[in-house]
Amino acid sequence: MINRKKFDFTLAALLLLLILLGCIAIFSASSSKIGDNITSMNTWWKQIVFAIFVIGIIVGLLRLPMPIFDLAILPLYILNLLALVIVLFTPAVNGSHRWFAFGGINLQPSETAKLLTILMVSRIIAKEHLTEFKQILYGFGIVIMPVLLIVIEPDFGTTMVYWIALLAMLLAADVPLFYVLLIISPVVSIVLSMYWLAVIIWILILIFLLIRFRLSWVAITIASIVNIFTVLIMPVFWNGLKDYQQNRILTFIDPTRDPLGAGYQIIQAKIAIGSGATIGKGWMEGTQKNMNFLPEHHTDFIFSVVGEEFGFIGSMFLLLVFFAFFWRLTVVIGELKVRDRKIAAAGIFAYLMFQTFINVGMNIGMVPATGIPLPFISYGGSNLVINSLAVGVILKYLNERGFMK
Amino acid sequence: MNKISPILVFRIVLALLFLLLSAALFRLQVMNGTYYKQIAESNFVRIRRITATRGEIYDHKYRPIVTNVASHNLYLISGKVNNLPALADFLKLNFGLERADLEQMIRQNRFRTYEEILISDNIPYEEVLALSEQMNYYPELAFRVGTTRNYQYPNHFTGYVGRINEKEYARYHDEDYSINAHIGKTGLEYFYEVLLRGKDGREIVQVDSRGRSLNLFRNDGSITPVNGLGLVLTIDNDLQEFVNQSFPANMRGAVVVMDVKTGGILSYISKPGYDPNVFMQQISPEIWSELNNSAKPMLDRVIHAAYPPGSVFKPITGSLGLERKLIDRFTILSNCAGGMQVGNRFFKCWNHAGHGRTNLIEALKGSCDVFFYDLSLKLSLDDFHDYAQQNMVCVKTGIDLPNERRGFFPTTDWYRKTLGKKFAIIGRKVNLSIGQGEVLTTPLQICAYFSALANDGMWIQPHLLESTVGINRLTRDQVHPITKKRLPMSASTLKAIQDGLYAVCNLPGGTGAHVKVAGATIYGKTGSAENAMGRTTHAWFSAYMVTQKPDIAVTVFLENAGGGGGVAGPIAGRILNYYAGNIDKITRPVPIPPQFMSSDNTDTEVENPDANPAEKPTPEVGND
């Protein structure tokens, strides 16, 4: 049931372009060049196999009758929660329990949980009669279950994705912006609590925005007091921590404190990207990559390979493709009229965009290393399949326009 | 209310984030591109491993046994290779490394191209000097100073270290072994690897080619290496040296000297020996064939080979008889007229003249076989098996060395499996009673048993490690508790056995009566074991000495050397005399007087070829 008139070729083409760019980057990242000899790991053709597989899945999804798709989500969500519980009992890989291994293929249930949770939340909070408060509460309730299970694994980076997606979905559900502002304000306050000037500016901006939203003075006062209190309580809380706990948090904020751990990778990625300069060193010619300074360069640090080999021009090209892709998504969200589909699309948009930003930001040393891969580009079956499937869901929703309304 | 479309919010956030990333990329790549290019080209930002110094090994008076010495090693960074043929020629010319090997090495490390691969270690300093000028043409090569092991004397207990191989690397690289690491391969180096190796450190190298810090990292964050613990052994270098020199030339065998109160091994000799230092360099084919000749110099005859014990086993048979109340110390058994008829077979005694009618003490003194033949008829085979094992013979002693052999003592089940349903168990028992037949023991087990007899029946696990030195001072008990075990014999049994052993060395007619030590009392037992390895018997002598000083137990074992009393006894006598202080200076190896070369032969029956003593299991290699 692929309707040519309704099928969004632009979005699909951008998706395919991203996957193709990913394959090119992975081929280079998984090869090393000594003298004139080039040796490659088998990752790049695995990625091509996954790409073909995922295109097949999207075609299948588009042909799937809508009622079956709608019915499947709740059972799949519950099964996924179970998988998240079971995965905690698997042997640890690199100190965390994240993967099921089936004959060389690793399944990461926290990846599938992202998409299913977004679909679940959109379904629940789209209901017309809900008050705004209940929308927030239900959304929070659905998200917290996978998040808690993922925190136990432990995998903190992934959980951030859920909160960002939830915020975007609440926005798309027409929950007023000030609610969102109120929810995130304590988090911002905690982050800024180390710099007094930043705190004062932030609180002033907050009060200004809340006045613009015409909240009652009582509400504004309470919000301000809560935020100031959060800032004041932080030093007490901080001093209560043990030295090593403080160090761990400081390293998370500033990885260069730990040159032998995460800091090393980030600095090396930065050197690789920086040394690419304007035009880059050419495909397969990245010296930092060839010298293998970066152990993870075909997964989380793939962007550094692109930056090193194709320079500023190449990395900007990749960023612009991403930008066009996300811009197209915002256009598409506006075209979706069924409420829960629109909310779901907004969640998917936010989660893909957040991952892209965090990953690229991590590669250029702007944000801490979190272990979030670059969507569509980084090597990894789970990453490619789930992210593409998420786009596939939006393509399906677009394809079904006009059937319901 | 001020209504803002969510899509507008998304677009603003999207635009802001991408603007931020673009700006950061512009700054990183366009504005600072040259700076990072320089860093990248100098390849100077990396983590370097600082290898911890391996612990040294000392004797119990802190004299060195294994030390570290400086060595010059050649490393390759495969990612820097430009001209492979030239490099291959250079390495082949100077280090004899074949091109195929080099290519394989590079291939194996193709995903570790920034790590240094050790190509050749222990390069003589002259060669380093001679080559250093040419090295400028090969930036991918670098000499580094490291340490290597120096073994003070040939021995079998220290073992040696070697480059980690692929199998070991796959197994241990999670424990922070680098691809160039050295790892204990055998002996104490293997057994106490965890104590000896220490913990490697790390440093972050962030200097440019002029030595200026690049200041990329807030703090340098290096981890200093923790050096390995030194081992203090119970070995006494003087005694070890003396025993080594007393050992008759061109003979194969083993000598163990144990402190009976502590279980510590004072001297541990297996002959012929080999020098572990040969493993510190590339081994030439000549040395390799030398190490694998028929005398098997690599074989540790103290624990890695099990032999028929012969008559040194008789105290165990005797004490079982006493414990089961089959005899007491005065019981006189069958008359020995040079042998004894059991069923349709005649089992000979080694003394064709016969010993007459004897009790246990006299039987031990003259090593009369017939007494034990007769006793064995009353014993149950499986009880015999269990009792031997309770005496810690034919079981692993648990010495702190790898791959110890267990030895062997047959059971009824084992016979049934090997021989089928029909076999004459009586004949088997008769043989076993004098330490012949299928029973196999290691010299260490015999020494530990005699040591326990000296120590009022308290068996103490033999061990080499006394304590560690270095950042941690651990006693052997803290590293791993020493097992102690009371042998299953009453005080009166023990007294009877001790009296028998006393008679061997001190009463006229005793087979070890010539082993005399002024100022000390010797308790011992001779043994001459028939074996499948050759015509001549294995010579055994195991004894302990009671003096004012701490008492010691000595076991001397010589492969196919002749009679225990004649050949092994004098060596044990010299060692005991030396320990008692009667010999100050070591002179030269004891020549074996020709008249001792054949006497004291335990002539057991050899009528049934397939039941030949010690043929199954083979005495030399693995039934373990």
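Note that this is a predicted model, so its numbers are computed, not measured. (Residues numbered from 1 in each chain as written. Chains lettered and ligands numbered in written order. Predicted model: local features only at pLDDT ≥ 70, side-chain atom pairs only at ≥ 80, totals over all residues. Heavy atoms only, no water.)

1. A short note on the overall build of chain B
So the rule is basically this: Counting from the N terminus, the helices are the DSSP runs of H or I reaching at least four residues and the strands are the DSSP runs of E reaching at least two. Under the scheme applied here, a residue whose accessible area is under 20% of the maximum for its type counts as buried, over 50% as exposed, and between as partly exposed, the area being computed with a 1.4 Å probe on protein chains only. Here a residue-residue contact requires only that any non-hydrogen atoms of the pair lie within 4.5 Å. Throughout, the Shrake-Rupley method with a 1.4 Å probe supplies accessible areas, and for residues the shown protein chains are the sole cover considered.
Of regular secondary structure, chain B possesses 20 helices and 19 strands. Residue burial in chain B is summarised as follows: out of 624 residues, 56% are buried. Taking as baseline every contact in chain B between residues at least 6 positions apart, the subset at least 24 positions apart corresponds to 73%. When the accessible surface of chain B is summed, it comes to about 26,900 Å², and 52% of that surface belongs to carbon and sulfur atoms.

2. Concerning the side chain of T230 of chain A
Residues and elements named next belong to chain A. Secondary-structure assignment places T230 in helix α9 (residues 217-239). Its relative accessible area of 14% is what places T230 among the buried residues. With residues up to four places along the chain from it excluded, the contact list for T230 reads P186 and I190.

3. Focus: helix α5 (residues 132-152) of chain A
Think of an α-helix as 3.6 residues a turn; residues three or four steps apart then line up on the same face. The following threshold applies: Expected span of a helix: the number of residues minus one, times 1.5 Å.
Here α5 of chain A is 21 residues long and its end C-alpha atoms lie 30 Å apart, about the 30 Å a rise of 1.5 Å per residue gives. If you check which residues of α5 of chain A are buried, you get Q135, I136, G139, I142, V143, P146, V147, L149 and I150 of chain A.

4. Some points on the sheet that holds strand β19 (residues 552-558) of chain B
Residues and elements named next belong to chain B. For the record, the criterion: When DSSP finds two or more bridges between two strands, those strands count as paired. All axes here are fitted lines through C-alpha atoms, helices being fitted over the stretch that makes contact, and every angle between N-to-C directions spans 0 to 180 degrees.
Read from one edge of the open sheet, five strands run β11-β10-β19-β18-β17, paired in antiparallel fashion. Here the strands that pair on one side only, and so sit at the sheet edges, are β11 (265-271) and β17 (521-529). Strand-to-strand twist in this sheet, taken as the mean axis angle between neighbours without regard to direction, amounts to 5°. Judged from the six bridges that link them, strand β10 (residues 253-259) and β11 form a sheet pairing that is antiparallel. Paired with V257 across the two strands is S267, which belongs to β11. Packed on one face of the sheet, helix α20 (residues 564-580) meets β10, β11, β17, β18 (538-546) and β19 and runs near 30° to β18.

5. Regarding the environment of T493 of chain B
All names here are of chain B. Looking at where T493 falls in the secondary structure, it is placed in helix α19 (residues 491-506). A sequence separation of 174 residues divides T493 from S319, and the C-alpha atoms of the two residues are 6.1 Å apart. Leave out the neighbours within four places in its chain, and T493 touches S319, L322 and E323.

6. Details of the nonpolar core
Our working definition: Take the buried residues of types Ala, Val, Leu, Ile, Met, Phe, Trp, Tyr and Cys, join any two whose side-chain atoms come within 4.5 Å, and each joined set is a nonpolar core.
In this structure, F322, F325, F326 and F376 of chain A are the most contacted members of the largest nonpolar core, which totals 119 residues. When near neighbours in sequence (up to four residues on either side) are disregarded, F325 of chain A contacts L11, L14, L15, L18, L352, F376 and V391 of chain A. Judged by nonpolar contacts, the second largest core, of 97 residues, contains Y151, I265, F384 and M392 of chain B.

7. Regarding helix α13 (residues 302-335) of chain A
Keep this limit in mind: Bend at a given residue is defined as the angle between two axes, one fitted to the seven residues that end at that position and one fitted to the seven that begin there.
The end-to-end C-alpha separation of α13 of chain A is 33 Å, well short of the 50 Å expected for 34 residues at 1.5 Å each. At G311 of chain A, α13 of chain A shows its strongest bend, of approximately 130°.

8. Digging into the packing of aromatic side chains
All names here are of chain B. The criterion, for reference: Pairing of aromatic rings covers Phe, Tyr and Trp, the last counted by its six-membered ring, and requires centre-to-centre distances within 6.5 Å; plane angles under 30 degrees mean stacked, over 60 mean edge-to-face, and any other angle means tilted.
Under the definition given, this model contains 34 aromatic pairs over all chains. Seen from their ring centres, Y160 and F279 are 3.8 Å apart, and the 5° between their planes marks the pair as stacked. Residue Y160 is located in the loop between β5 (141-151) and β6 (161-163), and its partner F279 is located in the loop between β11 and α10 (285-291); the two are separated by 119 residues in the primary sequence. Among the residues examined, Y160 registers a relative accessible area of 11% and is labelled buried. Centre to centre, the rings of F242 and Y578 are 4.1 Å apart; their planes meet at 15°, and the pair counts as stacked.

9. Some thoughts on the pairing of strand β3 (residues 64-77) of chain B
Residues and elements named next belong to chain B. Within β3, eleven of the 14 residues are buried, which leaves it mostly tucked inside the rest of the structure. The sheet contact formed by strand β2 (residues 57-58) and β3 spans two bridges and is antiparallel. Bridged to I57 within β3 is V66. If you look at the hairpin formed by β2 and β3, you'll find five residues sitting between the two strands, and Y62 has a positive phi there, around 60°. The sheet contact formed by β3 and β5 spans eleven bridges and is antiparallel. For S71, the partnering residue across the bridge sits in β5 and is G146. Where β3 and strand β4 (residues 116-120) come together, four bridges link them in antiparallel fashion.

10. A look at the pattern of salt bridges
Residue and element names in this part refer to chain B. As a reminder, the rule being used: Think of a salt bridge as a Lys or Arg side-chain nitrogen and an Asp or Glu carboxyl oxygen that are within 4 Å of each other.
Within the structure shown, the criterion is met by 28 salt bridges over all chains. Note that E98 is salt-bridged to K92, the shortest N-O span being 3.0 Å. Residue E189 is joined to R149 by a salt bridge in which the shortest nitrogen-to-oxygen separation is 3.0 Å. You can see E189 sitting in helix α7 (residues 187-191) and its partner R149 sitting in strand β5, a full 40 residues away along the chain. The buried category is assigned to E189, whose relative accessible area is 0%. Judged by its relative accessible area of 5%, R149 falls in the buried class. Ionic contacts of the salt-bridge type, sharing partners, join the residues D59, K61, R63, D236 and D238 into one network.

11. Considering the packing of helix α1 (residues 9-29) of chain A against α13 of chain A
The axes of two packed helices give the description: the angle between them and the distance between them. Residues and elements named next belong to chain A. Worth spelling out the cut-off: Orientation categories follow fixed angle ranges, with anything under 35 degrees roughly parallel, anything over 145 roughly antiparallel, 65 to 115 roughly perpendicular, and all other angles oblique. For any helix crossing, the convention is left-handed if the near helix is rotated counterclockwise from the far helix by under a right angle, and right-handed if that rotation is clockwise. Three classes are used: nonpolar for Ala, Val, Leu, Ile, Met, Phe, Trp, Tyr, Cys and Pro, charged for Asp, Glu, Lys and Arg, and polar for all others, with Gly counted as polar.
In the contact formed by α1 and α13, the axes pass within 10 Å of each other and the chain directions differ by 165°. Considering the angle they form, α1 stands roughly antiparallel to α13. The hand of the α1/α13 crossing is left-handed. On α13, the residues touching T10, L11, L14, L15, L17, L18, L21, A25, I26, S28 and A29 of α1 are I302, V305, V306, E309, F317, L318, V321, F322, A324, F325, R328 and L329. Class assignment of the residues belonging to the contact of α1 with α13 gives a composition of 19 nonpolar, two polar and two charged.

12. A look at the side chain of D340 of chain A
Residues and elements named next belong to chain A. You can see D340 is positioned in helix α14 (residues 339-363). D340 gets classed as buried once you look at its relative accessible area, which sits at 17%. Apart from the residues within four sequence positions on either side, D340 is in contact with S122, R123 and A126.

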